[in-house]
Amino acid sequence: LDWYAQDMEGNVWYMGEIAKNYEDGELVDLEGSWKAGRDQAKAGILMPAHPEAGHWYRQEFLLGEAEDMGEVVGMMDDPLVVRAGTYANVLQTRDFTPIEPEVLEFKYYAPGVGPVLEENPEDGERVELVRLKTP
């Protein structure tokens, strides 16, 4: 469960999350959970309104628990195809954390939709948008 907010400039802020960690199908802890304004946790930018290649930013901050950061790779030249559809003008970011420096993810954001794909280059794991429900 994640909490987001958008400011007047168009930045999407990451305000907190409840991280449920499972082992063998059983909930074992909520490590990594945080909420902006509680226990010195701070909100961060999830999607910058005006992304520029090479720009990096803090996505969340709770010392030792939630220290994710992102770097804008750029806009993709070709449309991105996931199970939910095909998206143009997709923003690609490289996400990392000083807590686990060996972990790296690439995330892709479609205009008007938000996150549509996450890729882990280490193991090839993909998490993609499979359905989009519009009002």
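In case you missed it, the structure is sitting above this.
Quick caveat: nothing in here was measured; it's all calculated off a predicted structure.

**Student:** Help me understand the nonpolar core, please; the structure alone is not making it clear to me.
**Tutor:** A general tendency of soluble globular proteins is for nonpolar side chains to be buried together. Judged by nonpolar contacts, the single largest core of 13 residues is most densely connected at Trp34, Leu46, Met47, Leu62 and Tyr109. Contributing elements (two or more residues each) for this core: β2 (12–17) and β6 (42–47). Dropping the residues within four chain positions of it, Leu62 is found in contact with Ser33, Trp34, Asp39, Gln40, Ala41 and Glu67. Counting residues in each nonpolar core, the second largest holds nine residues, with Val82, Ala110, Val116 and Leu129 among its members.

**Student:** I would appreciate a short explanation of the sheet that holds strand β14 (residues 114–119) in the present structure.
**Tutor:** Within a sheet, each strand pairs with its neighbour through backbone hydrogen bonds, oriented either parallel or antiparallel. With antiparallel pairing, six strands are arranged side by side in an open sheet as β7-β9-β12-β13-β14-β15. Two strands bound the open sheet, and with one partner strand each, they are β7 (56–58) and β15 (126–128). Going across the sheet, the axis of each strand differs from the next one's by a mean of 25°, ignoring polarity. Relative to β15, β14 is paired through three bridges, and the arrangement is antiparallel. When the sheet's bridge partners are listed, Glu119 is paired in β15 with Arg126.

**Student:** How should the environment of Tyr87 be read in this particular structure?
**Tutor:** Inspection of the secondary structure assignment puts Tyr87 in strand β11 (residues 85–87). For Tyr87, a relative accessible area of 12% puts it in the buried group. Setting aside chain neighbours within four positions, we find Tyr87 in contact with Pro79, Leu80, Val82, Ala110, Val113, Val116, Leu129 and Leu132.

The rules behind the values
Residues numbered from 1 in each chain as written. Predicted model: local features only at pLDDT ≥ 70, side-chain atom pairs only at ≥ 80, totals over all residues. Heavy atoms only, no water. Core = buried A, V, L, I, M, F, W, Y, C linked by side-chain atoms within 4.5 Å. Buried < 20%, exposed > 50% of the residue type's maximum accessible area, 1.4 Å probe, protein only. Helix = DSSP H or I, 4+ residues; strand = E, 2+ residues; numbered from the N terminus. Contact = heavy atoms within 4.5 Å. Pairing = 2+ DSSP bridges. Axes fitted to C-alpha atoms, helices over the stretch in contact; angles between N-to-C directions.

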